[in-house]
Structure formats: structure tokens, C-alpha cells
Amino acid sequence: MEIFLDKRAVRQIRLSAQDAIEEGDTESLREDVLEAFTEDQVEEIERRLDNGDFFEFLTDCLMEWNGDDVDELFELLETQLGEVGIDLKFEAPAGEEEEEEEDDDLDDEDEETDDEEEEEEEEDEDD
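A few points on the structure. (Residues numbered from 1 in each chain as written. Predicted model: local features only at pLDDT ≥ 70, side-chain atom pairs only at ≥ 80, totals over all residues. Heavy atoms only, no water.)

## Overview of the overall build of the chain
The following threshold applies: Secondary structure elements are taken from DSSP: a helix is a run of H or I of four residues or more, a strand is a run of E of two residues or more, and numbering for both begins at the N terminus. Partly exposed describes any residue whose relative accessible area lies between the buried limit of under 20% and the exposed limit of over 50%, with all areas from a 1.4 Å probe on protein chains only and scaled to the type maximum. Here a residue-residue contact requires only that any non-hydrogen atoms of the pair lie within 4.5 Å. Accessible surface area values rest on a Shrake-Rupley calculation with a 1.4 Å probe, where residue burial reflects the displayed protein chains alone.
Counting its regular elements, the chain contains six helices and two strands. Seen in sequence order, the chain has helices and strands lined up from the N terminus as β-α-α-α-α-α-β-α. Taking all 127 residues of the chain together, 28% fall into the buried category. Considering only contacts in the chain between residues 6 or more positions apart, those separated by 24 or more positions represent 64%. Entry remark: accessible area of the chain is about 8,500 Å², with carbon and sulfur atoms responsible for 37%.

The structure is reproduced here in C-alpha cells:
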């Protein structure tokens with residue numbers, strides 16, 4: 001099964017995780033992660049969990065999380081859900097998407113420059 005979290009949910013989890021890092025309190029974070037999933041998704045997850053309790057699952061994930069890195073939390077959720085047959089996908093928040101697109105554009109420009117340099121070198125070798 002595949003679960004897809006939208007930008008709003010990802011943004012909310014990121015903000016809540018950042019607050020948890022700063023304040024050392026994961027209760028609000030656990031609630032926010034829980035709210036990021038629809039009721040149907042929670043029911044499907046609970047059906048697949050041994051203990052059948054998504055809230056407890058989130059508690060265990062947050063206890064395992066080192067509390068330093070927001071991305072690590074997402075990776076942990078993805079890994080733990082993957083172990084019960086759920087493929088968790090994230091949509092990057094708007095600001096991050098734009099940054100990635102800019103990086104891709106820069107990479108494309110670098111590739112074009114490299115290609116042009118290679119062509120010039122080949123022409124020089126032919127002469």
C-alpha cells in the first residue's frame with residue numbers, strides 16, 4: 001500500500017518537529033503526525049501493525065528518533081512503515097520544491113557547459 005502526504009501535512013510535521021527539537025517535547029509532534037494521516041490511512045496502518053495501535057507506533061518512532069534532525073524523522077517513519085508493507089511518500093513543501101528546481105536548472109547548465117567543452121576539445125584534436 002502507498003500513502004502520500006501532501007505539502008501541507010509535510011510542512012506541519014516539519015514545523016512541529018522543529019518545535020520538538022527546540023523544546024524537547026514530542027507530544028504535540030505525535031499529535032501532528034497523527035493528524036497528517038486520514039482516518040482510512042490510520043485504519044489501514046493499524047490493521048497492519050502487530051499491536052494495532054498507530055498512536056503507540058508513533059510513540060515508539062519518536063522514542064527512537066534522536067530529536068536532532070527533521071529529515072531523520074521522515075526517514076524513520078518511512079522505514080518503520082515500510083516494515084509493515086506501507087510505502088510512505090512525501091511531497092516537498094513549496095519552498096523546497098523551488099530550490100530543487102533551481103538546483104536542477106544549475107545542473108543542466110553545468111552539463112551543457114561540459115558538453116560544449118568536450119566538443120571544443122574534440123574539434124581541437126581533429127585539427
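After presenting the structure, the write-up continues.
## Here we look at the side chain of Glu-44
What counts, and what does not: Counting of polar contacts relies on pairs of N or O atoms within 3.5 Å, with two restrictions inside protein: one atom must be capable of donating a hydrogen and the other of accepting it, and residues adjacent in sequence are counted only when both atoms are side-chain atoms.
Inspection of the secondary structure puts Glu-44 in helix H3 (residues 39-48). Judged by its relative accessible area of 16%, Glu-44 is buried. For Glu-44, the side chain forms a polar contact with the side chain of Arg-47, separated by 2.6 Å.

## Comments concerning the nonpolar core
Heads up, the rule is: Take the buried Ala, Val, Leu, Ile, Met, Phe, Trp, Tyr and Cys residues and link them wherever side-chain atoms come within 4.5 Å; each set so joined is a nonpolar core.
Formed by 28 residues in total, the largest nonpolar core has its most connected members in Leu-29, Phe-37 and Phe-54. Elements with a minimum of two residues in this core: strand S1 (2-5), helix H1 (7-23), helix H2 (27-36), H3, helix H4 (54-64) and helix H5 (70-82). For this core, the leading source of residues is H5, giving six residues.

## Digging into the packing of H1 against H2
Applicable threshold: Angles here are taken between N-to-C directions and fall from 0 to 180 degrees, while the axes themselves are lines fitted to C-alpha atoms, restricted in helices to the stretch in contact. Working definition: roughly parallel below 35 degrees, roughly antiparallel above 145 degrees, roughly perpendicular at 65 to 115 degrees, and oblique for all remaining angles. Put simply, Ala, Val, Leu, Ile, Met, Phe, Trp, Tyr, Cys and Pro go in the nonpolar bin, Asp, Glu, Lys and Arg in the charged bin, and everything else, Gly too, in the polar bin.
Following both chains from N to C, one finds H1 and H2 inclined at 170 degrees, their axes separated by 9 Å at the closest point. The angle between the axes of H1 and H2 places the two elements in the roughly antiparallel class. Two secondary-structure elements touch here, H1 through Ala-9, Gln-12, Ile-13, Ser-16, Ala-17 and Ala-20 and H2 through Ser-28, Leu-29, Asp-32, Val-33 and Ala-36. Of the residues that constitute the contact of H1 with H2, the class distribution is seven nonpolar, three polar and one charged.

## A short note on the pattern of salt bridges
Going by this rule: By convention in these notes, a salt bridge is any Lys or Arg side-chain nitrogen within 4 Å of a carboxyl oxygen on Asp or Glu.
Inspection of the entire model under this criterion finds four salt bridges. Salt-bridge contacts for Glu-44 lead to Arg-48; the nearest nitrogen and oxygen are separated by 2.6 Å. With Glu-44 and Arg-48 both in helix H3 and four residues apart, the pair spans about one turn of that helix. The residue Asp-87 makes a salt bridge to Lys-89 at a minimum N-O spacing of 3.4 Å. Look at Asp-87 and you get partly exposed, because its relative accessible area is 32%.

## A closer look at H3
Here is the rule we go by: Think of it as the arc spanned by the lines of direction from the helix axis to the C-beta atoms.
Taken residue by residue, H3 has Gln-41, Val-42, Glu-44 and Ile-45 as its buried positions. The arc that holds the buried residues of H3, viewed along the axis, is 165 degrees, so those residues lie on one side. Seen from the buried face of H3, the exposed residues on the opposite side, beyond 90 degrees, are Glu-39, Asp-40 and Arg-47. Close packing links the buried residues of H3 with S1, H2, H4 and H5.

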